Amino acid sequence: DEADEQSHFDELIAAEQRIEPRDWMPAAYRRTLIRQISQHGHSEIIGMQPEGNWITRAPSLKRKAILMAKVQDEAGHGLYLYSAAQTLGITRDEMTQQLIDGTAKYSSIFNYPTPTWVDMGAIGWLVDGAAIANQVPLCRASYGPYGRAMVRICKEESFHQRQGFEILLTIMRGTDAQREMAQDAVDRWYWPSLMMFGPPDDQSPNSAQSMAWKIKRFSNDDLRQRFIGMVVPQAEILGVTLPDPELHYDADAGRWNTSEIDWTEFHEILAGRGPMNAVRLQNRRAAHEDGAWVRDAAAEYTRKHAARTAE
Ligand code: FAQ
């Protein structure tokens, strides 16, 4: 009965075993995973747009080939994540509908504009860097299909992070004007990348339960701290300044002290009022409508094929 199922589930979680699609799981565990994995998938799909903006204008053939490969990887990540979510009983159509209706969340970070080429460097360095800090622990998420999808995603993200760092490094070795552009991009992306980790722990309604279920392994603030520890020495190598005059390591507390994050900006974006929210959704909707003929053709092919094999 249900009580036995629940205690078997609790034992698996306590023993660091994986929960698999056919296993019994609490309804709330299923709902939480569908929420997080689908939002994560949507982030990858919407996350193709800020960089897609520069594919036709990349400064060389090599840069263009690399950027195209990166954006393609993001499409792939979206597909693995949607597939993982489908094992929990939601359909791809339902998820797509939630995204284009504007009822699904996706990461706040993809609602900022990418006005210059250097933004490709800052996104790779900071946004993919934050994604790695958040996602490496997700490789150990208790739900099997999610954890396994994250392994490959993290490998690809670390290549993305390196390519972003290398774009910035190249530009920092250029002219004064180029260095100014790089600093400007870092100024614009640093704070939003800190917001990717989600609200502070005392305002994170989902954290305690998700950590008890071993979906999340670290709190939002702990991961944000780790990320700051990663980027501080990298900023020094690059020769860029992180735009926080308060930033310093408090050795006694063992933590980075920072200025207050502008949570009003974060909540405005979550409410759909960020600089690029409307454009991102509009583009996604248009792509969905433009792709209708492909879905129709595929459905028709399946119908004909089924009719032919039935003969
Ligand atoms: N943006 O209680 P919590 C990438 C929502 S990386 C928007 O703390 P939770 C790679 C949250 O959903 C980006 N919403 O929630 C790439 C919840 O609302 P809900 C994607 C946010 O789930 C790089 C509410 O606030 N990565 O795509 C954000 O325990 C470059 C309360 O928050 C992932 O999705 C935010 N930043 O912790 C692609 C990682 N933060 O759902 C292209 C997987 C919080 O109750 C180019 N997800 N919210 O209505 C996670 O690790 C977690 O879901 C967190 C949030 C940590 C994001």
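The structure presented is a predicted model; accordingly, all values stated were derived computationally and were not measured.

## What to know about the layout of surface pockets
Phase 1 of the analysis: Volume-wise, the second largest pocket comes out at about 330 Å³.
Phase 2 of the analysis: Taken together, I45, M48, Q49, A75, L79, Y82, R92, T96, N283, R284, A287 and H288 make up the full set of residues lining the second largest pocket.
Phase 3 of the analysis: Contributing elements (two or more residues each) for the lining of the second largest pocket: α3 (48–52), α4 (61–86), α5 (92–101) and α12 (277–290).
Phase 4 of the analysis: Ranked by the residues each element gives to the lining of the second largest pocket, the list is headed by α12, at four residues.
Phase 5 of the analysis: Split by residue class, the lining of the second largest pocket holds six nonpolar, four polar and two charged.

## Topic: the confidence of the model for the chain
Low pLDDT means the predicted atomic positions in that stretch should not be read closely.
Phase 1 of the analysis: Of all residues in the chain, 100% attain a pLDDT of 70 or more, and the chain-wide mean is 97.
Phase 2 of the analysis: We note a pTM of 0.96 for the whole complex and an ipTM of 0.98 for its interfaces.

## Thoughts on the site of the ligand
Phase 1 of the analysis: Close to the ligand lie 35 residues, the nearest being Q39, K105, S204, K216 and N220.
Phase 2 of the analysis: One of the backbone N or O atoms of M195 is found 3.3 Å from a nitrogen atom in the ligand.
Phase 3 of the analysis: Take S204: an N or O atom from its side chain is 2.7 Å from an oxygen atom of the ligand.
Phase 4 of the analysis: For the ligand, the protein covers 90% of the area, taking 1100 Å² as the surface of the free molecule.
Phase 5 of the analysis: Elements with a minimum of two residues in the shell around the ligand: α2 (27–46), α4, α6 (118–135), α7 (144–172) and α11 (263–270).
Phase 6 of the analysis: The class makeup of the residues in the shell around the ligand is 13 nonpolar, 13 polar and nine charged.

## As for the pattern of salt bridges
Phase 1 of the analysis: Under the counting rule described, the total for this entry stands at 15 salt bridges.
Phase 2 of the analysis: Of the charged contacts in the structure, one is a salt bridge between E51 and K70, with a shortest N-O distance of 2.6 Å. With E51 in helix α3 and K70 in helix α4, the pair connects residues that are 19 residues apart, well separated along the chain. When sorted by exposure, E51 lands in the same class as K70, which is buried.
Phase 3 of the analysis: The partner of E156 in a salt bridge is R152, with the nearest N and O atoms 3.5 Å apart. Taken as a pair, E156 and R152 lie in helix α7 at a separation of four residues, close to a single helical turn.
Phase 4 of the analysis: Connected through shared salt-bridge partners, E51, K70, E74 and D128 make up one network.

Here is what the cut-offs are and how they apply
Within any chain, residue numbers begin from 1 and follow the written order of that chain's sequence. With pLDDT at 70 or above as the cut-off, local features in this predicted model cover only qualifying residues; side-chain atom pairs require 80 or more to be listed or tallied, and sums for whole chains, interfaces and linings still use all residues. Water and hydrogen atoms play no part in the side-chain values, which are based on all heavy atoms of the structure. The method works on a 1 Å grid over the protein atoms by themselves. A cavity is a set of points holding a 1.4 Å probe that cannot get out, a pocket is an open set with protein on both sides within 12 Å along at least five of seven lines, and residues with an atom within 4 Å of a point line them. Grid points are joined across faces, edges and corners, and a volume is the space filled by probe spheres set on the points. Going along the chain from the N terminus, every DSSP run of H or I of four or more residues is numbered as a helix, and every run of E of two or more is numbered as a strand. Residues are grouped as follows: nonpolar covers Ala, Val, Leu, Ile, Met, Phe, Trp, Tyr, Cys and Pro; charged covers Asp, Glu, Lys and Arg; every other residue, Gly included, is treated as polar. Along the chain, pLDDT gives the predictor's confidence residue by residue, from 0 to 100. A single heavy atom is enough: if one lies within 4 Å of a molecule or strand, its residue is considered near that molecule or strand. Polar contacts here mean pairs of N or O atoms no more than 3.5 Å apart (in protein, one a potential hydrogen donor and the other a potential acceptor; neighbouring residues in sequence count only if both atoms are side-chain atoms). Accessible areas in this description were obtained via Shrake-Rupley with a 1.4 Å probe; residue shielding takes into account the shown protein chains only. Every case where a carboxyl oxygen of Asp or Glu lies within 4 Å of a side-chain nitrogen of Lys or Arg is listed as a salt bridge. Exposed residues in this analysis have more than 50% of their type's maximum accessible area, buried residues have under 20%, and partly exposed residues fall in between, with area computed by a 1.4 Å probe over protein chains only.

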